[in-house]
Amino acid sequence: MDLRTEGAYGGHMARTLILMRHGKSGYPAGVEDHERPLAPRGHREAALAGAWLRRTQPPIDLVRCSTATRTRETLAATGVDAPVEFESGIYEADTGYLIELVGLTDPAISTLLVIGHAPGMPWTAWDLAAAHDTDDALRLSRKFPTSALAVLRFTGEWDRVGPGAGDLVSFHVPR
């Protein structure tokens, strides 16, 4: 099944949630954490992540991105061309906040990309996944490095997304 063109999932409309951790950041002296930019490696790997998204995933309808400099630069490096909502709450978000944010997504959106930070991205991916014994889930549980992407699929509306409700269909680390 080609998930880039397949509209239904298990007989219901598919929702795709992509959780991405920002690219590798730099640590310039005197720069506060929220303002840290990407390192050259972060730019390169975020661009690889964007190429992978275009090659393997459905078109992204909406991006929700942390306001941190490194997440904004990650988004720019991916080349994703979709409407963007910058959310300051993603910066230090826990799983509950991120799931609530996903639940507020307009029903017309079928593919949502959220770009944020650790530990929010890996914990949320883990909590939303129904199965924890797949190869991708086990890899995700060991390490969710910078620029990594967890792709989850759901049936039903966004406001029904919750712990254990999604299928972790891919965990990709662009290198």
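As the structure is a computational prediction, the values presented were derived from the model and not from experiment.

### A look at unusual backbone geometry
Between Ala 118 and Pro 119 the backbone carries a cis peptide bond, its omega angle lying at 10°. If you trace the backbone, Pro 119 turns up in the loop between β5 (111–116) and α4 (120–128). Despite not being glycine, Ser 147 shows a phi value in the positive range, around 70°. Inspection of the secondary structure assignment puts Ser 147 in the loop between α5 (135–142) and β6 (149–155).

### Digging into the environment of Pro 122
By secondary structure assignment, the location of Pro 122 is in helix α4. A sequence separation of 19 residues divides Pro 122 from Ser 141, and the C-alpha atoms of the two residues are 7.7 Å apart. Among residues more than four places away in sequence, those in contact with Pro 122 are His 117, Leu 140 and Phe 144.

### Structural notes on the side chain of Thr 111
By the secondary structure assignment, Thr 111 is in strand β5. Ignoring any residue separated from it by four or fewer positions in sequence, one finds Thr 111 in contact with Thr 16, Ile 18, Pro 58, Pro 59, Ile 60, Asp 61, Leu 62 and Trp 158.

### Some words on the nonpolar core
One finds Leu 17, Leu 112, Phe 144 and Leu 152 to be the most contacted residues of the largest nonpolar core, which totals 27 residues. Considering every element that reaches this core, the biggest residue donor is helix α3 (residues 95–103), with 4 residues. If we ignore the near neighbours within four places in the chain, the residues touching Leu 112 are Thr 16, Leu 17, Ile 18, Leu 62, Arg 64, Val 102, Thr 105 and Trp 158. Counting residues in hydrophobic clusters, the runner-up holds 15 residues, among them Trp 52, Cys 65, Ala 82 and Val 151.

### Observations concerning the pattern of salt bridges
Summed over all chains, the structure comprises 8 salt bridges. In this structure, Arg 41 engages Glu 45 in a salt bridge whose closest nitrogen and oxygen atoms are separated by 3.2 Å. Residue Arg 41 and its partner Glu 45 are both found in helix α1 (residues 40–56); the two are separated by 4 residues, about one turn of the helix. Judged by its relative accessible area of 34%, Arg 41 falls in the partly exposed class. With a closest N to O distance of 3.8 Å, Arg 44 and Glu 45 form a salt bridge. A single salt-bridge network, built from bridges that share partners, covers Arg 41, Arg 44, Glu 45 and Arg 175.

What counts and what doesn't
Residues numbered from 1 in each chain as written. Predicted model: local features only at pLDDT ≥ 70, side-chain atom pairs only at ≥ 80, totals over all residues. Heavy atoms only, no water. Helix = DSSP H or I, 4+ residues; strand = E, 2+ residues; numbered from the N terminus. Contact = heavy atoms within 4.5 Å. Core = buried A, V, L, I, M, F, W, Y, C linked by side-chain atoms within 4.5 Å. Buried < 20%, exposed > 50% of the residue type's maximum accessible area, 1.4 Å probe, protein only. Salt bridge = Lys/Arg side-chain N within 4 Å of Asp/Glu carboxyl O.

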